[in-house]
Amino acid sequence: MFDVFSSMMFDVASGLIGTGVVSLLVLVWRRVDPDAARRYVGRFGWPTASAAFFLVATSVAAARGVSGWSAAALVLALAMASGLMLFVRLGPDRVREIGHRVGDVLWPALAGLLFLVCLQLLLDRRGPSDRVVLAVDLADDELIAFNDLIRSLEPRLGARIVLRPIDSGQQFERLSRMVGRGRVQWDLIACDNDLVGAMDAAGLVQDLGPEWAPPPTLLPPLHRLTAPGGGPARFAPLRVGVRLGYFDDRPFRGALRRSPPADLEELVEVARRLRLEYRAPRVVLQAGAGKPAATTLCEVIGTDPRAWNRAALAGPFHALRSLKPLLHPESIDAGFDRVRDLLDCEEVDLACNWTSGDRPWAREPGDRRRLPAVYPGWQRFHVLGGDVLAIPVEAPNPELARRLASLLVEARTQRELAGWLHWIPVRQDAFDGLPDGLRRASSIALASAVLRPADPLWPDRERALSQALRSLIAGDEEVDAILDAFLGRIHPGRPALSPSEASVRPPAPDPISPPDRSSRTSGAPPS
């Protein structure tokens, strides 16, 4: 399906064929005339095996962002090391005897390698092609569905679109390495929006060009992402992500006789009643190390560090600690994919998950599992996630990349992605592509959406957020000690305030005031 994978499979098959040819000829060598067999090996076997080995090495290296020349140097080093080991183990006389036997087949092998080196030179000097390489980080089933949808854009683009799966945790490092070596292999990259500041500050992306302009119907919070440092636009939003509440409506209509929780206090009450009713925890939080746990805590306290002080955090921290015995045990390792699985298997009745975790298209025909209901959730804030498109500097085909970025942001494409993948569109005129329930819930959630700060200190703050939440729901430390440690990491050098001191210092205002909660559980869109 993808170029790197298919190229590696082809080269592995070539290597197996070459090895088979050599092995067959060696067998023939023992039964027929050795001189004739040696001639056939020299003409066909060694060049085939050498070429296949070289191609496998370069393909694997290319998949890991290493140039073909580095791979060739590695192959040469391995060959020299093997020769030295043979020389030491067998002795000079035996090595000289072997050299006489295989000397007449080395020249064809060297000729084959020389041909491949010349081919590598031609590939290095090739001009723009009729394809555009898009680096993305999507789940497997999501990637298959996205690949099917994006094929419809190829006739309009007039070029082939190649999807290159790259883990989001490696995108910045891989792109930095390629730019530093002057061998950029991606034309367009879809990265998490929390990488915008780092990529822009490092100078890894180029302008989208004067012909690209944010659509008039672009969601207001996304305008800050297109040009984080000012100047021309360098990022084009691809999709929006917020975490919504997903729940099984049967216990809420039956035993609980109430609507899903609308805030943290109600969440504690619902989790307690569900545990009493079913004698097992039926609520899961995303508390996996790193971004999952950090995002969960940000949805309680916001993303503005100026608003993080003892007076503002003491209540939420104690409420989260009270959830400790009421949460599903897999909460401590849960990410969006595991939460989706727990909902699918009906092991939990209530969870918050990214909208990309809502994947009814991934189910097999005839699957009778219930789809959970969706509502805005219990969070005070909704962290605005999602992906943005950027063109790396020195991209092979920047013009094709600009055209593809424009096509992906078009209302027609956004509507198709919303209808099939349930991605929240980046523009207001494409929301009609979403299912009704998801459209209402996401519209309300976006009213309280906050962006993660794009500053160099955020990765450290994210680690502090993650550690604090995981200590609250799985550790044995006192809440006050966890709070002191958290504030010490967030505001180093500032003495921790006692509750009495903090009470006379009002917290900084929230970056975005949360909306009226009277309609959060009713499903009605905000006025």
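Computed from a prediction, not measured in an experiment: that's the story for all the values here. (Residues numbered from 1 in each chain as written. Predicted model: local features only at pLDDT ≥ 70, side-chain atom pairs only at ≥ 80, totals over all residues. Heavy atoms only, no water.)

K.L.:
Which residues make up the overall build of the protein chain, and what values do they have?
P.N.:
Per the secondary structure count, the protein chain includes 20 helices and 12 strands. In the protein chain, buried positions account for 48% of the 527 residues. Look at the contacts in the protein chain between residues 6 or more apart in sequence, and 77% of them connect residues 24 or more apart. Of the roughly 25,600 Å² of accessible surface on the protein chain, 58% is carried by carbon and sulfur atoms. (Helix = DSSP H or I, 4+ residues; strand = E, 2+ residues; numbered from the N terminus. Buried < 20%, exposed > 50% of the residue type's maximum accessible area, 1.4 Å probe, protein only. Contact = heavy atoms within 4.5 Å. Areas by Shrake-Rupley, 256 points an atom, 1.4 Å probe, with all protein chains shown as cover.)

K.L.:
Describe the pairing of strand β3 (residues 188-192), listing the residues and the values that go with them.
P.N.:
With 5 of 5 residues buried, β3 lies mostly within the body of the structure. Bridge count for strand β1 (residues 131-136) against β3 is 2 bridges, and the pairing is parallel. Within β3, the residue paired with A135 across the bridge is I189. Looking at chain direction, β3 and strand β11 (residues 385-392) are connected through 4 bridges and run antiparallel. Within β11, the residue paired with C191 across the bridge is V388. (Pairing = 2+ DSSP bridges.)

K.L.:
Pulling in residues and values, what's your account of the environment of T303?
P.N.:
With respect to the helices, strands and loops of the structure, T303 is situated in the loop between α12 (291-301) and α13 (310-322). Given a relative accessible area of 4%, T303 falls into the buried group. Along the sequence, T303 and W458 sit 155 residues apart, while their C-alpha atoms lie 9.7 Å from each other. Residues contacting T303, with those up to four places away along its chain left out, are C298, W308, V383, V450, L451, P453 and W458. For T303, the side chain forms a polar contact with the main-chain oxygen of L451, separated by 3.0 Å. (Polar contact = N/O pair within 3.5 Å; in protein donor to acceptor, adjacent residues only side chain to side chain.)

K.L.:
Run through the confidence of the model for the protein chain, naming residues and quoting values.
P.N.:
Residues with a pLDDT of 70 or more make up 66% of the protein chain, whose mean pLDDT is 76. Confidence drops under pLDDT 50 across residues 1-12; counting only partners more than four residues distant or on other chains, this segment forms 19 contacts. A low-confidence stretch, residues 495-527 (pLDDT under 50), is modelled with 59 contacts involving residues beyond four sequence positions or located in other chains. (pLDDT = per-residue confidence, 0-100.)

K.L.:
Before we move on, can you summarise the pattern of salt bridges with the specific residues and values?
P.N.:
Per the stated rule, a full pass over the model turns up 26 salt bridges. A salt bridge links R177 to E173, with the shortest nitrogen-to-oxygen separation between them at 3.7 Å. On the criterion of helical spacing, the pair formed by R177 and E173 is a turn pair, its members being 4 residues apart in helix α7 (residues 168-181). When its relative accessible area of 51% is taken as the criterion, E173 is described as exposed. For R239, the salt bridge goes to D387, with nearest N and O atoms at 2.9 Å. One end of the pair, R239, is in strand β5 (residues 236-241); the other, D387, is in strand β11, with 148 residues separating them in the sequence. Exposure class is identical for R239 and D387. Each is buried. Connected through shared salt-bridge partners, E142, R239 and D387 make up one network. (Salt bridge = Lys/Arg side-chain N within 4 Å of Asp/Glu carboxyl O.)

K.L.:
Can you tell me about the packing of aromatic side chains, naming the residues and giving the values?
P.N.:
Scanning the model with the defined rule gives 5 aromatic pairs in all. Between F317 and F486, the ring centres sit 5.8 Å apart and the planes meet at 45°, which makes this aromatic pair tilted. Of this pair, F317 sits in helix α13 while F486 sits in helix α19 (residues 479-490), placing them 169 residues apart in sequence. Clustering of aromatic rings is evident, with ring pairs tying together F247, F252 and Y375. One cation-aromatic arrangement involves R239 over W423; the distance from NZ or CZ to the ring centre is 4.4 Å. Across from the ring centre of Y278, 5.4 Å away, lies the NZ or CZ of R282, which sits over that ring. (Phe/Tyr/Trp six-rings, centres within 6.5 Å; stacked < 30°, edge-to-face > 60°. Lys NZ or Arg CZ within 6 Å of the ring centre and 35° of its normal.)

K.L.:
Just give me the short version of the pairing of strand β8 (residues 350-354), but keep the residues and values in it.
P.N.:
Each regular strand carries side chains that alternate between the two faces of the sheet. The buried fraction of β8 is high, at 5 of 5 residues. Of the two faces of β8, the one lined by L350, C352 and W354 and the one lined by A351 and N353 are each fully buried. Inspection of the sheet shows strand β7 (residues 283-284) paired to β8 by 2 bridges, in the parallel sense. Residue pairing in the sheet places V283 in a bridge with L350 of β8.

K.L.:
I'd like to hear about the nonpolar core, residue by residue, with values.
P.N.:
The nonpolar side chains of soluble globular proteins are, as a tendency, buried together. Core analysis: the largest hydrophobic core is formed by 80 residues, its most contacted members being L134, F146, L389 and L446. Take this core: its biggest share by element is 7 residues, from helix α15 (residues 398-409). If you look at the next biggest cluster of nonpolar residues, it comprises 44 residues, including A287, L327, L465 and L472. (Core = buried A, V, L, I, M, F, W, Y, C linked by side-chain atoms within 4.5 Å.)

K.L.:
Could you give an account of α19, with specific residues and numbers?
P.N.:
Over its 12 residues, α19 runs 16 Å from end to end, which matches the ideal 16 Å to within 8%, given 1.5 Å per residue. For α19, the elements touching its buried residues are α12, α13 and α18 (458-474). (Expected span 1.5 Å × (residues − 1).)

K.L.:
Give a description of unusual backbone geometry that names residues and reports values.
P.N.:
Working note: non-glycine residues mostly have negative phi, and peptide bonds are mostly trans. One non-glycine residue, R257, lies in the positive phi region at around 50°. Of note, R257 is situated in the loop between α10 (249-253) and α11 (264-278). A relative accessible area of 70% places R257 in the exposed class.

K.L.:
A description of the sheet that holds β8 should follow, citing residues and the corresponding values.
P.N.:
Spatially, 4 strands are ordered β7-β8-β6-β9 in an open sheet, and the strand pairing comes out mixed. Every other strand in the sheet has two partners, leaving β7 and β9 (373-375) as the edge strands with one partner each. Of the pairings in the sheet, the one linking strand β6 (residues 243-247) to β9 comprises 3 bridges and is antiparallel in character. Each bridged residue has a counterpart across the sheet, and for F247 the counterpart in β9 is A373.

K.L.:
Could you give an account of the environment of R273, naming the residues involved and the relevant values?
P.N.:
With respect to the helices and strands, the residue R273 is situated in helix α11. Residue classification places R273 among the partly exposed positions, given a relative accessible area of 30%. Residues R273 and L256, spaced 17 residues apart in sequence, show a C-alpha to C-alpha distance of 7.4 Å. Excluding residues that lie within four positions of it along the chain, R273 makes contacts with A255, L256 and R258.

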